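Observations on the three-dimensional arrangement
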Amino acid sequence: MLQQKLPALAVALLCAAPALATANDDAELEKIRAEIQQMKQSYEARIQSLESKLEQAQASAGAAEKSAAKAETAAAEASTRTTVSGNAFNPGISLILSGIYANRSQDSDYHITGFQTGGEIGPGLRGLSLAESELGIYANIDHYFYGGLNLALAPDNSVGVEEAFIQTTALPAGLTLKAGRFFSGIGYLNEQHAHTWDFVDNPLAYQAFLGGQYGDDGVQIKWVAPTDLFIELGAEAGRGRIADTEGKDKNGAAMGSLFAHVGSDIGISHSWRAGLSYLRTSPSHRQSPDLDAAGAFVTNEFSGNSRLWIADFVWKWAPNGNSHVTNFKLQGEYLHRSESGNLTYDVDGAANTDRYHANQSGWYAQGIYQFMPNWRAGLRYERLDAGRTAYASNNGNLLLSDYNPDRLSVMLDYSPSEYSRVRLQLARDKSREEATDNQLFVQYIMSLGAHGAHRF
């Protein structure tokens, strides 16, 4: 019986074997297909994640390029501002050492024909001399305030306080408040310390209308707009210490100013900034060197009201945003001043006082080209417009000249590092109608210690 069943069982097993094999193969294929589908989904998710990260990185890079000028200028709100960190409350102390050799064809009795100036004007003494040196101390006071002190060490061994101020760091909505003594935010060049200038001296228009550079005791408020385009608005009120005057002894302000600046990038190689400023002061006993109608050197004194308007523009180029090898800067400002009050002719002699009124202007334009690492060359031309002047009864004592002073300067400087600079400058100075002054300067500027970033 068993022998009869065995052949039948064997036949049944042989018939079922292909079906079992087919079922096993189908299950294995489905398993492989599922694994492939799972791998495809995983890789697609990873690729989408990488593409998203790439898009975010590109967007961040584009935004950084567009706001480079704004970031640089806003970060330079105070040229020595530091970021709060573990060492932020230790003050940064810097010392700027500067010396100069001046070879001039004219003597040191300097004046600007037809302009009542005041302050520190002119190219200084001939021969070797110590130029103005600076001692600066800047630091975060706490999380809300920043402070700075800058002392000017003059060649005559006197010490003056250029800046001594506190400044907020945490006001909302892009606002910054500053109080104390500081360089006004008007114009472009006025806020910059002398060691950052591209030439040995500041422009004739600054000398004629600001007495060199305008710093005052007062308060300042600035607002920077939260936009890609750099927009800065500011206002100031102060004592009115212009051109070496002491300002007014009064409860209110004797000085007021308004200024606006805008700027941006053009691509990655170009950036620019433009501005308009207005300054109102009431100088009291402002003394100015002058040459009278008889050819004698005299000192005049003005008290009254002064209004100054400034338009400024700066354009910078650096290939692909890299300024290390080569770069170029074009800079210019136009200034217009209107004054009315009393002028005393020859305060140490005749002392004749009468009404005075003047509408005058001036401008400068300069280009600075770094043609290779560490080496720069520059050209500056400047001119003053005599405008309209009235001396009343002093018309017979002072020259009513239509002479327009001008000056042409060229310079070459070498900076072995960011802490040192040696400069050669040649100039043909026609500030005085009666004499042209051919000038040669050799200057060194050395920086010791911690020093903040310079302004845009």
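Residues numbered from 1 in each chain as written. Predicted model: local features only at pLDDT ≥ 70, side-chain atom pairs only at ≥ 80, totals over all residues. Heavy atoms only, no water.

Topic: the pattern of salt bridges
Taken as a whole and judged by the stated rule, the model has 20 salt bridges. Close ionic contact of Asp437 with Arg104 constitutes a salt bridge, the shortest N to O distance being 2.8 Å. Highlighted residues: Asp437 in strand β18 (residues 435-449) and Arg104 in strand β1 (residues 92-104), separated in sequence by 333 residues. Of the residues examined, Arg104 reaches a relative accessible area of 6% and is grouped as buried. A salt bridge links Glu382 to Arg380, with the shortest nitrogen-to-oxygen separation between them at 3.0 Å. The burial state of Glu382 is the same as that of Arg380; both residues are buried. (Salt bridge = Lys/Arg side-chain N within 4 Å of Asp/Glu carboxyl O. Helix = DSSP H or I, 4+ residues; strand = E, 2+ residues; numbered from the N terminus. Buried < 20%, exposed > 50% of the residue type's maximum accessible area, 1.4 Å probe, protein only.)

So, the packing of aromatic side chains
Scanning all chains against the criterion turns up eleven aromatic pairs. Measuring from centroid to centroid gives 6.0 Å for Phe115 and Phe209, while their planes differ by 55 degrees, and the two rings are tilted. With Phe115 in the loop between β1 and β2 (127-130) and Phe209 in helix α3 (residues 204-210), the pair connects residues that are 94 residues apart, well separated along the chain. Exposure class is identical for Phe115 and Phe209. Each is buried. An aromatic cluster of at least three residues, connected via ring pairs, comprises Trp315, Phe328, Tyr369 and Phe371. (Phe/Tyr/Trp six-rings, centres within 6.5 Å; stacked < 30°, edge-to-face > 60°.)

Observations regarding unusual backbone geometry
Positive phi, normally seen in glycine, also occurs at Asn157, with a value near 75 degrees. With respect to the secondary-structure elements, Asn157 resides in the loop between β4 (145-153) and β5 (159-168). The class for Asn157 is exposed, based on a relative accessible area of 71%. Notably, Ala173 is not glycine yet its phi reads approximately 60 degrees, a positive angle.

Here we look at the side chain of Glu333
With respect to the helices and strands, Glu333 occurs in strand β13 (residues 327-345). One buried charge, Glu333, has no salt-bridge partner; the nearest side chain with opposite charge is Arg273, at 7.0 Å. A polar contact is formed between the side chain of Glu333 and the backbone nitrogen of Tyr188, at a distance of 3.1 Å. Among the polar contacts made by the side chain of Glu333, one reaches the main-chain amide nitrogen of Leu189 at a distance of 3.2 Å. (Lys, Arg positive; Asp, Glu negative; His and termini not counted. Polar contact = N/O pair within 3.5 Å; in protein donor to acceptor, adjacent residues only side chain to side chain.)

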